[in-house]
Amino acid sequence: SFSMFTDPGISGQNDSEVIRAEFGGPVKYQESQDGNNQDHVDRLIQSEFLRADIQPGFLGIRQATFERDVKLFSGDIIGEASTAAYDVEAGTFGLHALNLSSIKPRIVDKRGTLEATNITLDFAGPNVSAIGNIRGVLDSPVAATNDQEFDENSPKRPALLEQGPPIYVVAGRFDYDTETSLATYSDAARLWQDSTEFSADTLILNESTGNVTAEGNVTTQTMMLQQDYETGSQIQTITRGSGNLFIYDESQRHAAYSGGASLSNDTFTLNASSINVILE
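We now turn to the structure provided with this report. Quick caveat: nothing in here was measured; it's all calculated off a predicted structure.

Observations regarding unusual backbone geometry
Now for step 1: Looking along the chain, the bond that leaves G125 and enters P126 is cis, with omega of 0 degrees.
Now for step 2: At D187, a residue that is not glycine, the phi angle is positive and equals roughly 65 degrees.
Now for step 3: Note on placement: D187 falls in strand 12 (residues 182-193).
Now for step 4: In this structure D187 comes out as exposed when scored by relative accessible area, which is 53%.
Now for step 5: Phi is positive for D194, which is not a glycine, with a value near 55 degrees.

Encoded structure:
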């Protein structure tokens, strides 16, 4: 179904009336590749209902609201939600849940899967911000083999984590900046993979270098190989660390704890204002 009317209650440019169009489903909204704009990507949005504000003179859509069973396909990003608001002029796409029982907003891209109460995509990056009950599953790419090449665009994970198994993360807020490749989890962030775990008020992953920064109430748990001085063999131990700040430099294999630092496992306990660990 389709209906269209002018709405004087919505101000457009030069305070002129905005034309509102409503489409009943199933609805497909598509933006095709512009041959003169290499940065533009094909975009498809599907839903059961669409309400669009059209610029005077039918010069284009200004804003669009998609409702019920919304699906987004934009470049390598796939998204879904029960409702979504698209600000075409600003290039932002917000995925929302109508209520607790509706579809939880979710996006899937080369980084992995992200769920939250509200997710906003800035297509210019594309950058991502999300708030409320963050749940993520991050991909941990496997190194290149003779049969398969490594994708240079894949996120780089720190050597503190294994290649292959998924990485899980929860937080209250998430922000990703494509230009800096920084993924920031805040408001009680926790990331884990098997027995390895990082918790902090704020957790920052540099996905171009593999560096990790954790700030505020930091606790870590990592698997390490150490020499058993009685037998001379290597044993695997769970090492726990804490402090107010944790910085891991992937290129140097250097982990630094500061601000009431502590490091311990079954063979030792260290407490100091700062502790530096160099890993092989």
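Observations regarding the packing of aromatic side chains
Now for step 1: A complete count under the given rule lists 10 aromatic pairs for this structure.
Now for step 2: Measuring from centroid to centroid gives 5.7 Å for Y86 and F123, while their planes differ by 90 degrees, and the two rings are edge-to-face. Placement of the pair is Y86 in strand 5 (residues 77-87) and F123 in the loop between strand 9 (118-122) and strand 10 (127-138), with a sequence separation of 37 residues.
Now for step 3: Of the aromatic side chains, those joined through ring pairs into one cluster are Y29, F66, Y86, F93 and F123.

Some remarks on the layout of surface pockets
Now for step 1: Considered as a void within the structure, the largest pocket measures approximately 710 Å³ in volume.
Now for step 2: Lining of the largest pocket is provided by 26 residues; of these, M223, M224, L225, L279 and E280 occupy positions nearest its centre.
Now for step 3: At the level of secondary structure, the elements contributing two or more residues to the lining of the largest pocket comprise strand 14 (212-227), strand 15 (234-249) and strand 17 (269-278).
Now for step 4: Looking at the lining of the largest pocket element by element, the count peaks at 6 residues for strand 14.
Now for step 5: Residues that form the lining of the largest pocket fall into these classes: 12 nonpolar, 10 polar and 4 charged.

As for the nonpolar core
Nonpolar side chains in soluble globular proteins generally cluster together in the buried interior.
Now for step 1: Within the largest apolar cluster, 52 residues are counted, with the highest numbers of intra-cluster contacts made by F66, F93, L121, F174, Y185, L191 and F246.
Now for step 2: A per-element tally of this core places strand 11 (residues 167-177) first, with 5 residues.
Now for step 3: Apart from the residues lying within four places of it in its own chain, the contact partners of F246 are L160, F198, V212, T213, A214, V218, T220, A255, A256 and Y257.

Some points on the side chain of T196
Now for step 1: Locating T196 in the fold gives a position in strand 13 (residues 196-206).
Now for step 2: Taking relative accessible area as the criterion, T196 reaches 5% and is therefore assigned buried.
Now for step 3: Every residue in contact with T196, bar those within four places of it in the chain, is listed here: L160, L161, L191, Q221, T222 and M223.

What counts and what doesn't
Residues numbered from 1 in each chain as written. Predicted model: local features only at pLDDT ≥ 70, side-chain atom pairs only at ≥ 80, totals over all residues. Heavy atoms only, no water. Helix = DSSP H or I, 4+ residues; strand = E, 2+ residues; numbered from the N terminus. Buried < 20%, exposed > 50% of the residue type's maximum accessible area, 1.4 Å probe, protein only. Phe/Tyr/Trp six-rings, centres within 6.5 Å; stacked < 30°, edge-to-face > 60°. 1 Å grid on protein atoms, 1.4 Å probe; cavity = no way out; pocket = protein on both sides within 12 Å on 5 of 7 lines; lining within 4 Å. Points joined across faces, edges and corners; volume = space filled by probe spheres on them. Nonpolar A, V, L, I, M, F, W, Y, C, P; charged D, E, K, R; others polar. Core = buried A, V, L, I, M, F, W, Y, C linked by side-chain atoms within 4.5 Å. Contact = heavy atoms within 4.5 Å.

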